[in-house]
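# Topology and contacts: notes
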Amino acid sequence: MADVAEKPKHTSTSEKKSKKSKKEKKPKDKHNVPHEPKTTSAAPAAEGESEVPQKSKSELKAERRAKQEAQRAAKAKKAGEGSTTKTPPEGVSQKAPPRVSADHQLDDPKVLKRRNKRFEKQKIPQRVEHQKKVSLFSHLDQYERQMPLTKALGFGSCEIHPAIIKLGLQYAEGIICGSNARCIALMNTFKRVIQDYSTPDDKELSRDLESRIKPYISFLNQCRPKSVSMGNAIKNLKMQITHIPSDMSDTKAKEELYTFIDKYLNEKIFLAGEVIKNYAITKIKDGDVILVYGCSSLLRKVLCDAHNSDKKFRVVVVDSRPKMEGREGLRRLVNHGIRCSYILINALSYMMPEVTKVFLGAHALLANGYVMSRVGSSHVAMVAKSYNVPVLVCCETYKFCERAQTDSFVANELGRCMCCCFNL
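Parameters and conventions
Residues numbered from 1 in each chain as written. Predicted model: local features only at pLDDT ≥ 70, side-chain atom pairs only at ≥ 80, totals over all residues. Heavy atoms only, no water. Phe/Tyr/Trp six-rings, centres within 6.5 Å; stacked < 30°, edge-to-face > 60°. Helix = DSSP H or I, 4+ residues; strand = E, 2+ residues; numbered from the N terminus. Buried < 20%, exposed > 50% of the residue type's maximum accessible area, 1.4 Å probe, protein only. 1 Å grid on protein atoms, 1.4 Å probe; cavity = no way out; pocket = protein on both sides within 12 Å on 5 of 7 lines; lining within 4 Å. Points joined across faces, edges and corners; volume = space filled by probe spheres on them. Nonpolar A, V, L, I, M, F, W, Y, C, P; charged D, E, K, R; others polar. Expected span 1.5 Å × (residues − 1). Bend = angle between axes of the 7 residues up to and from the residue. Salt bridge = Lys/Arg side-chain N within 4 Å of Asp/Glu carboxyl O.

### Overview of the packing of aromatic side chains
- By the definition in use, this model includes two aromatic pairs.
- A ring pair is formed by F260 and Y264, whose centres lie 6.1 Å apart and whose planes are at 40°; its orientation type is tilted. With F260 and Y264 both in helix α9 (residues 250–281) and four residues apart, the pair spans about one turn of that helix. The residues F260 and Y264 share a single accessibility class, namely buried.
- Their ring planes at 85° and their centres at 6.4 Å tell us that Y264 and Y398 sit as a pair that is edge-to-face. With Y264 in helix α9 and Y398 in the loop between β7 (391–394) and α14 (417–422), this pair connects stretches of sequence that are 134 residues apart. Pair check on accessibility: Y264 and Y398 agree, each one buried.
- Taken together through their ring pairs, the aromatic side chains of F260, Y264 and Y398 make up a single cluster.

If you want it as structure tokens, here you go:
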């Protein structure tokens, strides 16, 4: 063990000479070798690899400057052309507007959660969803029809106007139906709401009244989804409220809102109906057999006025489930003295050879030219086309909608027929 641990301390003369020569070479390398820039000096390439020349700092700086100048020139050119669109930064995707509204995305848990939070904030009762849902319509509301909507409303905690509650129940029970009737009832109810409204001391009427109306609209939409005519009327009313000056008194502001509501109903519904009626009467000739589907207030006015002008024609009323509205339309036409026949939609092809003209009402006229109406209207129009019978659609301009729709599954209203399907 001792032999392994200890080593001799003396060194040979040759080793001393080699160490001395190494010490002399170090200062020579530091002081006598000329300094070369790092950018030009390249490490010796490995064997089998080709040497790649690197750019100097001045060349890289010039390239960056040229790139910046090109970007500035492109940006100035784009601003000079007057383009206001902002390009998103690199790596950030620009979000496209939603193609379907949130009311028709109820199969998404996030959308449903946001809606429930909004209802809780507005203190609006929520309807009980049906336990047995149809998967094809899972994106739409499917409620229990037996559960009353006003069960959860209290006398002290309810912030919804009594007139709105009454109107919502009439919508839900089908007492008020039809696009025109629903819109007229809605605007008249808003007149009562405005009449009972008083502006708080620290708020403005134009802002506070609009915020008061929002939960009312949500409650009515819970009772029954609003029609296109109701949506357009609400939009115009909100716009009129926001344009009220802040220094205007409440009495004068209410008078202006009353005048606007009366003018809207008169011009958009009553006068428009008169113009459509006068034009539609010219299309009815003596001996015509006119086919109508369901019950439309505008078509009833057209047929009654045509009968009063001593025109001889006959009416065929077609009816179908779920609401069987044709019975009410048939009763009103017969009471007016018009000759009528009543059939169900399954006998339409047997009656169509006798028909000379088809008149249809409309729920809305979409931006792509499609007509939205009660279920079965498309079937009536296609059968009439197969027999070369002209189809005339009567629709007011306030029912025009910017939405485009090509099917009946994305956006629709589930009626009482869904309950019958569930109970089977």
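Moving on, there is more to tell.
### Description of empty space enclosed by the protein
- Counted according to the given criterion, the structure contains three cavities of 30 Å³ or more.
- Lining the largest cavity, in full, are V292, Y293, G294, C295, S296, L299, R300, L303, V317, G329 and L333.
- Those elements giving two or more residues to the lining of the largest cavity turn out to be β1 (288–293), α10 (297–308) and α11 (326–335).
- In terms of residues, the lining of the largest cavity owes the most to one element, α10, which gives three residues.
- For the lining of the largest cavity, the residue count by class is seven nonpolar, three polar and one charged.

### Some points on α9
- Counted at 1.5 Å a residue, the expected span for α9 with its 32 residues is 46 Å, and the 45 Å between its end C-alpha atoms agrees.
- Taken as a whole, α9 carries its principal kink of about 35° at N266.

### Let's talk about the pattern of salt bridges
- Under the defined criterion, the tally for this structure stands at 12 salt bridges.
- Between D305 and K277 there is a salt bridge, with the nearest N and O atoms lying 2.7 Å from each other. One end of the pair, D305, is in helix α10; the other, K277, is in helix α9, with 28 residues separating them in the sequence.
- Residue class for K277 comes out buried when judged on its relative accessible area of 10%.
- Residue K399 is joined to E396 by a salt bridge in which the shortest nitrogen-to-oxygen separation is 3.2 Å.
- We classify K399 as buried; its relative accessible area is 5%.
- Its relative accessible area of 1% is what places E396 among the buried residues.

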